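One-letter residues, chain by chain:
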Amino acid sequence: MAEISNFIKTVMANDLESKKVNTIITRFPPEPNAYLHIGHARALVTNFELAKSFNGKTNLRFDDTNPSKEDASFVDAIINDIKWLGYEPNQVLYGSDYFEETYELAIKLIKKGLAYVCDLSQQEISEYRGTLNTPGKHSPYRNRSVDENLKLFTEMREGKFNEGEKVLRAKIDMSSPNINMRDPVFYRIMKIHHHRQGDKWCIFPMYDFAHPIQDAIEGITHSLCSLEYDNHRPLYDWVVRECEMKNVPQQIEFGRLNINNTIMSKRYLRQLVEGNIVKGYDDPRMPTLAGLRRRGFTASSIREFILATGLSRVNSTVDSDMLEHFLREDLKLSTNRIMAVTDPIKLVITNYEEGKIEYLDAVNNNENEELGNRKIAFSRDLYIERDDFVLEKPNKHYKRLALGLEVRLYHAYFIKANEVKYDESGNITEVLCTYDPQTLSGTGFNERKPNGTIGFVEANTAKKALFNKFSPLLDSDDAEVHFLDRINKDSWEECHGFVENGEYNPYERFQFIRDGYYVVDQDSKKDNLVFNRIVSLKSSIKK
RNA sequence: AGGCCCAUAGCCAAGCGGUAAGGCAACGGACUUUGACUCCGUCAUUUCGGUUGUUCGAAUCAACCUGGGCCUGCCA
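Residues numbered from 1 in each chain as written. Chains lettered and ligands numbered in written order. Predicted model: local features only at pLDDT ≥ 70, side-chain atom pairs only at ≥ 80, totals over all residues. Heavy atoms only, no water.

## Details of the environment of V363
With respect to the helices, strands and loops of the structure, V363 is situated in strand β15 (residues 357-363). Here V363 falls in the partly exposed class, since its relative accessible area comes to 35%. Sequence spacing of V363 and N373 is 10 residues, and the spatial spacing of their C-alpha atoms is 4.5 Å. Apart from residues no more than four positions distant in its own chain, V363 is found in contact with G372, N373, R374 and H411. (Helix = DSSP H or I, 4+ residues; strand = E, 2+ residues; numbered from the N terminus. Buried < 20%, exposed > 50% of the residue type's maximum accessible area, 1.4 Å probe, protein only. Contact = heavy atoms within 4.5 Å.)

Shown next as structure tokens:
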């Protein structure tokens, strides 16, 4: 098991030391407006693993302070993904459940003279705020009396004003070089139904006010977030201090995780789903946890990937090879390896008895005897992968079949290619071979070395299968305009092939000997894109 | 440009004043019932973005420079 990044551990350890505390509580605060994707997994795994390593706990808290963007439909999916990843939240909480306390704290700030109701329009607030280079100026409403603010704020809550008419603002410093400190808005009016609170509220706290309060109320010791909240930390601390919260959480920022050639933006993922380019957030092409799960990724491989990849105060873009590496690592001992041919070419063993089918012993996994053996069919008529055959051996590294060469058929015999048949257009339709019965796998035959080992499937018994060659969703650098177009065209190639007719359980993972292909199960009742297998061995083809 | 943050190999990432961990990728080779796996080897010394400085000693400290990121929502 990999360990959590030193960067965060060190920060944490120092902090614990100075506070004389010996346990921590973290929280994972998704906004319920999308599915979790592999990028979120960094925060997710980090929060949970960190708590675990300090003997602490992690709360799941839905950050639902803006009802215009959120709805309940993502809540279950998020909980499900977290559990699938192997984590059990200490509590499942909702930011909106603290609205009453949050409101009381706003009153407290007003009484302390640190918050005021402002009548400026949105645009005016923006103008008064100043720019990066020039200080802002005070709102004309900044010096309202405590009593007047109290009255107005109460009326805001009672719904006496329209959206946009008034907001509650903190009174901090309009000339601060940190624009977040220039009297930030803490409450706005939104006459919208909230998925959890119903119509109880028409004023909603902003993230900057609500989040630190929620953390403090829950006793969160360390509030991890991404780099862009760095500028908000002074405000976070201000809120905790001025609200006189007993618990003082520490905000720690770290970089986001990206994976190359993978599109991670919520906006684009939403477009894919809503535009019906993919079949939902759990489509195997999606980088969501649900999509990766259907693509065959294991929870443990994702956890290990996140831990191994580390984190720091830099947004990182990790090679997708790394993700696949950890999947292979996880599957290599635990899965059966069955054979399949994605782009078939007929292979006939001319010296094998016509009409006979024999069943050979095949090891399910060379590295894990416990997985046992299975029987695979073998006969005169086989299919092999089209690019496992070439007329002439091109170089010394070529370890597949060519005319005149002998290779091993995996789990079976040595065969030698003697002749090729063509169709009218000159395409190869059939390779004629002879086999050597002495060379059966497992018999210890070692008088000759074959020019490699290739996979095959017995033609009469094989199951037809539809494969998709998966290419990851395109790079986020690509121009927006071409975005959907490209995904549609290039990310999904189908091909018809065969899988050996084994007794494997269709819902069990196995490794398949070609990299980058996924089996499509057409028989599924649900839809015809059920990916129940992961294809994870490293590329067996080198050009 | 005002403020803050960041910079170690193709990609991640340790290191926190004592002479550059590890992983992925790549490349040699051995082995092999997949070219996988495993094993062995290679892969930052005009070296840590650059330049100056402090120091017996600097990736680590300081200053400046360069490059990148974030911030002017009643989003989170």
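## Focus: the packing of aromatic side chains
Per the stated rule, a full pass over the model turns up 22 aromatic pairs. With centroids separated by 5.8 Å and ring planes inclined at 75°, the aromatic side chains of F99 and W201 adopt a geometry described as edge-to-face. With F99 in helix α4 (residues 99-111) and W201 in the loop between β6 (185-189) and β7 (203-205), this residue pair connects regions lying 102 residues apart in the sequence. On the basis of relative accessibility, which here comes to 2%, the residue F99 falls in the buried class. Members of the aromatic cluster, joined through ring pairs, are F99, Y103, F153, F186, Y187, W201, F204, F209 and W238. For the cation-ring pair, K166 lies above F161, with the distance from its terminal atom to the ring centre recorded as 4.3 Å. Taking the ring centre of Y94 as reference, the NZ or CZ of R196 above it sits at 3.5 Å. (Phe/Tyr/Trp six-rings, centres within 6.5 Å; stacked < 30°, edge-to-face > 60°. Lys NZ or Arg CZ within 6 Å of the ring centre and 35° of its normal.)

## Structural notes on the packing of helix α11 (residues 299-309) against helix α12 (residues 320-331)
It is at 8 Å that the axes of α11 and α12 come closest, and there the two elements cross at 130°. As judged from the angle between their axes, α11 and α12 are oblique. Crossing of α11 against α12: the hand is right-handed. Between α11 and α12, the residues in contact are S300, S301, E304, F305, A308 and T309 and M322, L323, F326, L327 and D330, respectively. Taken together, the residues that form the contact of α11 with α12 break down as six nonpolar, three polar and two charged. (Axes fitted to C-alpha atoms, helices over the stretch in contact; angles between N-to-C directions. Parallel < 35°, antiparallel > 145°, perpendicular 65-115°, else oblique. Left-handed = near helix turned anticlockwise from the far one by under 90°. Nonpolar A, V, L, I, M, F, W, Y, C, P; charged D, E, K, R; others polar.)

## A short note on the sheet that holds strand β17 (residues 381-385)
What links the strands of a sheet is backbone hydrogen bonding, and the strands pair in either a parallel or an antiparallel sense. The strand order β23-β20-β21-β22-β14-β17-β24 describes an open sheet built from seven strands, whose pairing is mixed. The strands lining the two open edges of the sheet, one partner per strand, are β23 (453-454) and β24 (457-458). Summarising the sheet, strand β14 (residues 344-349) and strand β22 (residues 428-436) pair through four bridges and their orientation is parallel. The residue bridging L347 from the neighbouring strand is V431, located in β22. (Pairing = 2+ DSSP bridges.)

## A few points about the protein's contact with RNA strand B
As a structural note, the neighbourhood of RNA strand B is formed by 67 residues, with D63, Y229, T309, E367 and R400 the closest of them. Between RNA strand B and Q122, the relevant distance is 3.3 Å, taken from a base nitrogen to a main-chain nitrogen or oxygen of the residue. The side chain of H232 places a nitrogen or oxygen atom 3.2 Å from a base nitrogen of RNA strand B. Those elements that place two or more of their residues in the surface near RNA strand B are α1 (6-19), α5 (122-128), β6, β11 (316-318) and α12. With four residues, α12 is the largest single contributor of residues to the surface near RNA strand B. Its residues assigned to classes, the surface near RNA strand B shows 19 nonpolar, 28 polar and 20 charged. (Near = heavy atom within 4 Å. Polar contact = N/O pair within 3.5 Å; in protein donor to acceptor, adjacent residues only side chain to side chain.)

## What about a nonpolar patch on the surface?
Nonpolar side chains collect at one region of the surface, where L391, L403 and Y422 lie side by side and expose about 260 Å² of accessible area between them. Mapped onto the elements, L391 comes out in the loop between β18 (389-390) and β19 (401-402). (Patch = residues over 30% accessible without salt bridge, like charges linked within 9 Å, V, L, I, M, F, W, Y side chains within 5 Å. Areas by Shrake-Rupley, 256 points an atom, 1.4 Å probe, with all protein chains shown as cover. Salt bridge = Lys/Arg side-chain N within 4 Å of Asp/Glu carboxyl O.)

## Structural notes on helix α2 (residues 38-53)
Taking 1.5 Å per residue as the helical rise, α2 with its 16 residues ought to reach 22 Å, and the 22 Å between its terminal C-alpha atoms agrees with that figure. In terms of residue burial, α2 counts as a mostly covered element, since 12 of its 16 residues are buried. By the burial criterion, the buried members of α2 are I38, G39, A41, R42, L44, V45, T46, N47, F48, E49, L50 and A51. Immediately beyond the C-terminal end of α2, within one or two residues, lies N55, with a positive phi of roughly 60°. (Expected span 1.5 Å × (residues − 1).)

## Brief notes about the nonpolar core
By size, the foremost hydrophobic cluster in this structure holds 53 residues, and its most contacted members are I8, I82, I302 and F305. Considering every element that reaches this core, the biggest residue donor is α2, with six residues. Excluding residues that lie within four positions of it along the chain, I82 makes contacts with F28, L36, L44, F48, L60, Y87 and P89. Ranked by size, the runner-up nonpolar core spans 35 residues in total, among them I110, L168, W238 and V240. (Core = buried A, V, L, I, M, F, W, Y, C linked by side-chain atoms within 4.5 Å.)

## Considerations on the sheet that holds strand β1 (residues 25-28)
On the basis of which strands lie adjacent, the open sheet formed by three strands has the order β1-β2-β3 and parallel pairing. The two strands at the open ends of the sheet, each matched to only one other strand, are β1 and β3 (92-94). Direction aside, neighbouring strands of the sheet carry axes that sit 35° apart on average. Relative to strand β2 (residues 57-62), helix α3 (residues 73-84) is tilted by about 160°, and along the sheet it contacts β1, β2 and β3. Each of β1, β2 and β3 touches helix α7 (residues 207-218); the most contacted strand, β2, lies at about 140° to it.

## Focus on empty space enclosed by the protein
Rolled over the atoms, a probe sized like a water molecule indicates the empty space that remains. Summed over the entire model, instances satisfying the criterion amount to three cavities of 30 Å³ or more. Roughly 40 Å³ of volume is contained in the largest cavity. Lining the largest cavity are I4, S5, R42, T46, I306, L307, G310 and L311. Sorting the residues of the lining of the largest cavity by element identifies α2 and α11 as the ones contributing at least two each. Taken together, the residues of the lining of the largest cavity sort by class into four nonpolar, three polar and one charged. (1 Å grid on protein atoms, 1.4 Å probe; cavity = no way out; pocket = protein on both sides within 12 Å on 5 of 7 lines; lining within 4 Å. Points joined across faces, edges and corners; volume = space filled by probe spheres on them.)

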